[in-house]
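# Remarks on the overall topology
As a plain string of letters, each chain reads:
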Amino acid sequence: MINVLFFAQVRELLGESAIQVEATAEINSAETLRAVLASKDEKWGKVLASDKLLVAVNQTISGWDTQVQDGDEVAFFPPVTGG
Amino acid sequence: MSANVSKVLVQTQDFSVPEEYALIADDNSDGAVVTFVGKVRDFNDGSAVTDLTLEHYPGMTESVLNQIATEARERWPLNKVTIIHRVGTMSLGEQIVFIGVTSAHRKAAFAACEFLIDFLKTKAPFWKLEAGETGKSWVEAKDADEQAAKMWDRS
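Our subject in this report is the structure included herewith. What you are looking at is a predicted structure, and each value in this text was computed from that prediction instead of being measured. (Residues numbered from 1 in each chain as written. Chains lettered and ligands numbered in written order. Predicted model: local features only at pLDDT ≥ 70, side-chain atom pairs only at ≥ 80, totals over all residues. Heavy atoms only, no water.)

## A short note on the overall build of chain A
- Across its full length, chain A carries 3 helices and 5 strands.
- Mapped from its N terminus to its C terminus, chain A presents α and β elements in the order β-α-β-α-α-β-β-β.
- Here the C-alpha radius of gyration of chain A, 12 Å, is about what a compact globule of 83 residues would show, namely 12 Å.
- When the backbone C-alpha atoms are referred to their principal axes, chain A occupies close to 35 × 30 × 20 Å.
- Here chain A holds 83 residues, and 43% of them are scored as buried.
- Once local pairs closer than 6 in sequence are excluded, the contacts in chain A between residues at least 24 apart make up 51%. (Helix = DSSP H or I, 4+ residues; strand = E, 2+ residues; numbered from the N terminus. Rg over C-alpha atoms; globule rule 2.2 N^0.38 Å. Buried < 20%, exposed > 50% of the residue type's maximum accessible area, 1.4 Å probe, protein only. Contact = heavy atoms within 4.5 Å.)

This is the structure:
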């Protein structure tokens, strides 16, 4: 399983903070995981299509081509605004 | 010189600037102590703010803050580094973040403190939800913050 987390607006708009996604052959990168999640329905498609969306693979902000595999933690969130 | 250990805390409770200052300012090899405190401001982008809620990514936040502290140490000769960032709901005027840096000389301490807050603002997974007269809204990331962090890029 891939542990998928959502934060801030992304979490709020999707109404989910964490879900488990089965690691299928179709999912081999952050981008393909995003595509699989975005295909759930119109809402997920819209939220995950944002060009400002960031992804962290195993708690490190990563490029969309970063490899994703079974057991990974992948988080989707908007640009950060702390400080 | 004492061990260069950075102190990184993510907490809901407020912090005491005098206490944090005393903890980093006790080494006589340091000639400079620079601290920064970020607070909840009463307006943002023209609208009144009544309170602020900070969300974060537990685990990743602490790890990013430690990486930023390590990077500051690679760039400047620092002794003490403290980063405290609050999460949860804060009212107008409350403290959000503390950065404290000590060094033998002021230039390193000033530069490192500014670098730390610039990097924290663009790299650490915190998000601000503002509450105001017109309801709640997520704070938009600012290009100016991104530019400030880019200023530190090593070319």
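## A look at the interface of chain A and chain B
- Contacts between the two partners involve 20 residues from chain A, matched on the other side by 25 residues from chain B.
- Approximately 1800 Å² of surface area, both sides summed, lies buried where chain A meets chain B, with 57% of it carried by carbon and sulfur atoms.
- In this structure, the connection of chain A to chain B is made through 2 salt bridges.
- A salt bridge links A:Arg11 to B:Glu55, with the nearest nitrogen and oxygen atoms 2.5 Å apart.
- Considering every element that reaches the side of chain A that touches chain B, the biggest residue donor is helix H1 (residues 8-14) of chain A, with 4 residues.
- Of the residues in the side of chain A that touches chain B, the class split is 10 nonpolar, 6 polar and 4 charged. (Buried area = accessible area lost by both parts, 1.4 Å probe. Salt bridge = Lys/Arg side-chain N within 4 Å of Asp/Glu carboxyl O. Nonpolar A, V, L, I, M, F, W, Y, C, P; charged D, E, K, R; others polar.)

## So, the pairing of strand S5 (residues 78-86) of chain B
Residue and element names in this part refer to chain B.
- For S5, the tally of buried residues reaches 9 of 9 residues, placing the bulk of the element in the interior.
- For strand S1 (residues 6-11) and S5, the ladder comprises 6 bridges, and the chain directions are parallel. In the sheet register, Val8 faces S5, and the bridge partner there is Ile83. (Pairing = 2+ DSSP bridges.)

## A few points about the side chain of B:Gln95
Residue and element names in this part refer to chain B.
- Checked against the element boundaries, Gln95 lands in strand S7 (residues 95-103).
- Only 2.8 Å separates the side chain of Gln95 from the side chain of Asp14, close enough to count as a polar contact.
- Not counting residues within four places of it along the chain, the set of residues in contact with Gln95 comprises Asp14, Phe15, Val17, Val37, Gly38, Lys39, Arg86 and Met90. (Polar contact = N/O pair within 3.5 Å; in protein donor to acceptor, adjacent residues only side chain to side chain.)

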